Amino acid sequence: MELLVAMAVGLMTAVGIYLILRLRTFPVIVGLAMLSYACNVFIFASGRIVAGLPPILSPDAAGYTDPLPQALVLTAIVISFGMTAVIVMMALGAFLEAGDDRIDLEGDAE
Amino acid sequence: MGHWIITPVVLPAVMGAFSVLLLRNDLGLSRIFSTAATALLLAITGLLLHAASVNGPEVYFLGNWPAPFGIVLVLDRLSALMLMLTALLALVVQLYAIGSGWDARGKHFHALWQFQLMGVCGAFLTGDAFNLFVFFEVLLIASYGLMIHAGGRDRLKAGVQYVAFNLVGSTLFLFALATIYSVTGTLNMADLAVKLPDLPAGDFALIRTAGVMLLMVFAIKGALVPLHFWLPATYAQAPGPVSALFAVMTKVGAYAVIRCYTLIFPDTLPATGALFADLLLPAAIVTLAVGALGMLGASSLQRLVAFGAITSMGTLFVAIAQFTPQATGAALYYMLHSTLAAGAMFLIADLVLSRRATGSLDQIRPPLPQHGLIAALFMVAAIAMAGMPPLSGFLGKLMILDATRGAQMALIWSAILGSSLVMILGLARAGSTLFWKTHATPGTCPPHAAQPLAFVAVFALLIALAGLTVAAGPVMEWLTLTAAELHDPQAYIAANRLEGL
């Protein structure tokens, strides 16, 4: 399972970085989303991967899994979700004002 | 200081919400309330500064949770100083925004301004690495709004780039924090400082990776080469007062580097040693060179000042990278100076831009309305920014040079002195194109409103610079104690009361 999680994180990061290096807004936004998914899975794994145990202490359960990464990942999801919404709105604004969806600036506007 | 420690976060948060909910249709009232809140913030930070220098570090436990588990805010001399600097710059620049009418060109300027202050103050106060990430995001999301305030094609395009760059930075920050957490099981900065020296050798590679990723995040914030690409376009396209406030945002990166790499990763740490200093110093010197050359080649006044901000970050990081108490003290003095100088310079660039509709340096144009006054202000601010005597930039650079000892001395001296010369050339070229040769050109610029409040704001920043120069002795004494406290963080760690568990 560790191998599967590690491969998922690596693959999503690679896809994210590839897409961010495109010059159009849509691939860049999808790439940023992929990168934040990779990041969320990575944070989740940072508390060690344990199967089938609750994230709280319970007398009935055999043990528990670290609850803190779950709290961290929740915060990270909320923030990345909000930020993605912001960049989508700004990209739409830029597209409507400029008439193209290129993310690089031409020489004089730089 | 008890509950006063959290007021720099709570006051702007409440004021921002208040102004977005109740005052959004009344510009006059939101100006009054927002300025009053910032003035109150300045008064409170003055109080906190006094408390921090008398009592030493003090910790505020949010929700009264004990330290490594709950989130803490830590008030020490460095964070109190940065809070006061932020509040001072914000108040003055806010007066400029009101005086020049920038805040009337779009909705929610004052609400975003307050949220921005909340994020910056929170980032300076927090003693928890994940909470630092959260406050970074708060200040960034407000800065996205301020950056595209008043809209326009070029501003929106530059804004999209700025947001994309910072989102990548945030992701990197999270990867670094998750790595640190998986190795140590804590994210409280004081707890990390206690736990990292006892790390087993097998985890050294992981913590080194995390430390370098964290350094890259702060380098993005501090516009350190090779992660400075976002800055010139962003600062050149943002509204003038917003760029001036952003002068303190690059300092958030510098603050985070000072805090993390003296507290969590000092050079006595067996896992990392002098790794970060070795990475930071070459990057800082290249930043200096890139900034100075950019100033020489800038095509508009806004870009010139933006590259000036990069140069000052380079100088600052050269001092920080030495990680000695004396160099840190000099870095703090230069940080105060460069924040105020860059703020003043961005405001002057905006004065020129608003009178001429372009800050272009490519051709000579007719004289501006209020020509002599603006030219004189530019001259003073240019002297400050280039680090010429008699203003504080000169003293700051002198102290950095004086604090430089050892093998890199020749390299650092020549980098700082050489870049200063190139900066003077760049500023002189801009000044002569903008102000000096104009009288030989036929025609006049259209008349423009006098804007007394805007000039008062610029004067206030220049007077603050002069005050910093005159009071250099006592200020430096205070900063030396601050640097000593940073390089011996026992009091900071003890304030977290980790051993009470």
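Looking at an unreviewed UniProt entry, one finds chain B named Monovalent cation/H+ antiporter subunit D and attributed to Gemmobacter fulvus. Recorded in UniProt for chain B, the comment headed Sequence similarities (unreviewed entry) runs: "Belongs to the CPA3 antiporters (TC 2.A.63) subunit D family."

Under an unreviewed UniProt entry, the name given to chain A is Na+/H+ antiporter subunit C, and the organism recorded is Gemmobacter fulvus. Check the Sequence similarities (unreviewed entry) section of the UniProt entry for chain A; it says "Belongs to the CPA3 antiporters (TC 2.A.63) subunit C family." Of the comments in the UniProt record for chain A, the one headed Subcellular location (unreviewed entry) reads "Cell membrane".

## Here we look at the overall build of chain B
Helix and strand content of chain B: 19 helices and two strands. In terms of C-alpha radius of gyration, chain B reaches 22 Å, essentially the compact-globule figure of 23 Å for 501 residues. Looking at chain B as a whole, 64% of its 501 residues qualify as buried. Of the contacts made within chain B by residues no fewer than 6 positions apart, 81% connect residues no fewer than 24 positions apart. With an accessible surface of roughly 16500 Å², chain B has 71% of that area assigned to carbon and sulfur atoms.

## Re the interface of chain A and chain B
Each partner contributes to the interface: chain A provides 39 residues, whereas chain B provides 31 residues. Between chain A and chain B, the buried area comes to about 3100 Å², and carbon and sulfur atoms account for 77% of it. The interface formed by chain A and chain B holds one salt bridge in total. As a salt-bridge pair, Asp100 of chain A and Lys157 of chain B come within 3.0 Å of each other at their nearest N and O atoms.

## Notes on the side chain of Thr35 of chain B
In this structure, Thr35 of chain B sits in helix 2 (residues 27-55). Residues contacting Thr35 of chain B, with those up to four places away along its chain left out, are Leu91, Gln94, Leu95 and Ile98 of chain B.

## Here we look at a nonpolar patch on the surface
Residues and elements named next belong to chain B. Taken together, the side chains of Phe18, Leu21, Leu22, Leu29, Ile32 and Phe33 define a hydrophobic patch exposed on the protein surface, amounting to about 580 Å² of accessible area. With three residues, helix 2 is the single largest residue contributor to the nonpolar patch. Its location among the elements puts Phe33 in helix 2. We classify Phe33 as partly exposed; its relative accessible area is 34%.

## Re the UniProt feature "transmembrane region" (unreviewed entry) in chain A
All names here are of chain A. Under the local residue numbering, the UniProt record ascribes the feature "transmembrane region" (unreviewed entry) to residues 6-21, 28-51 and 71-96. Helix makes up 94% of residues 6-21 and strand 0%, whereas the separation of the span's terminal C-alpha atoms amounts to 23 Å. The straight-line gap between the two end C-alpha atoms of residues 28-51 is 34 Å; of that span, 75% is helix and 0% is strand.

## Let's talk about the nonpolar core
In a soluble, globular protein the nonpolar side chains are often hidden away together inside. All names here are of chain B. One finds Phe218, Tyr261, Phe265 and Ile320 to be the most contacted residues of the largest nonpolar core, which totals 215 residues. The biggest single contributor to this core is helix 13 (residues 325-356), with 18 residues. Once you skip the residues sitting within four places of it in the chain, Tyr261 turns out to touch Gly211, Leu214, Leu215, Phe218, Ala256, Pro266, Phe276 and Phe323.

## Focus on helix 3 (residues 77-100) of chain B
Residues lying three or four places apart along an α-helix face the same way, a consequence of the helix completing one turn every 3.6 residues. All names here are of chain B. With 24 residues, helix 3 should cover 34 Å at 1.5 Å per step; its first-to-last C-alpha distance of 35 Å lies within 8% of that length. The buried count for helix 3 comes to 20 of 24 residues, which makes it a mostly enclosed element. Among the residues trailing helix 3, Gly101 stands out with phi positive, at a value near 80 degrees.

## Comments concerning the pattern of salt bridges
Two side chains bearing opposite charge may form a pair once their charged atoms approach each other closely. All names here are of chain B. Tallied over the entire structure, the rule returns seven salt bridges over all chains. In this structure, the salt-bridge partner of Asp154 is Arg153, at a minimum N-O distance of 2.8 Å. Under the relative-accessibility criterion, Arg153 is labelled partly exposed at 30%. The partner of Arg405 in a salt bridge is Asp402, with the nearest N and O atoms 3.5 Å apart. The exposed category is assigned to Arg405, whose relative accessible area is 52%. Given a relative accessible area of 40%, Asp402 falls into the partly exposed group.

## Describing the packing of aromatic side chains
Residue and element names in this part refer to chain B. Scanning the model with the defined rule gives 19 aromatic pairs over all chains in all. Here the aromatic rings of Phe173 and Phe218 are separated by 5.9 Å at their centres, their planes lie at 85 degrees, and the arrangement is edge-to-face. Pair noted here: Phe173 is in helix 6 (residues 153-184) and Phe218 is in helix 8 (residues 204-221), with a separation of 45 residues, a long-range link. Exposure class is identical for Phe173 and Phe218. Each is buried. Centre to centre, the rings of Phe378 and Phe435 are 5.3 Å apart; their planes meet at 50 degrees, and the pair counts as tilted. Taken as a pair, Phe378 in helix 14 (residues 371-386) and Phe435 in helix 16 (residues 409-436) lie far apart in primary sequence, 57 residues in all.

Rules of the game
- Residues numbered from 1 in each chain as written.
- Chains lettered and ligands numbered in written order.
- Predicted model: local features only at pLDDT ≥ 70, side-chain atom pairs only at ≥ 80, totals over all residues.
- Heavy atoms only, no water.
- UniProt positions renumbered as here; feature names shortened; annotations may be inferred.
- Helix = DSSP H or I, 4+ residues; strand = E, 2+ residues; numbered from the N terminus.
- Rg over C-alpha atoms; globule rule 2.2 N^0.38 Å.
- Buried < 20%, exposed > 50% of the residue type's maximum accessible area, 1.4 Å probe, protein only.
- Contact = heavy atoms within 4.5 Å.
- Areas by Shrake-Rupley, 256 points an atom, 1.4 Å probe, with all protein chains shown as cover.
- Buried area = accessible area lost by both parts, 1.4 Å probe.
- Salt bridge = Lys/Arg side-chain N within 4 Å of Asp/Glu carboxyl O.
- Patch = residues over 30% accessible without salt bridge, like charges linked within 9 Å, V, L, I, M, F, W, Y side chains within 5 Å.
- Core = buried A, V, L, I, M, F, W, Y, C linked by side-chain atoms within 4.5 Å.
- Expected span 1.5 Å × (residues − 1).
- Phe/Tyr/Trp six-rings, centres within 6.5 Å; stacked < 30°, edge-to-face > 60°.

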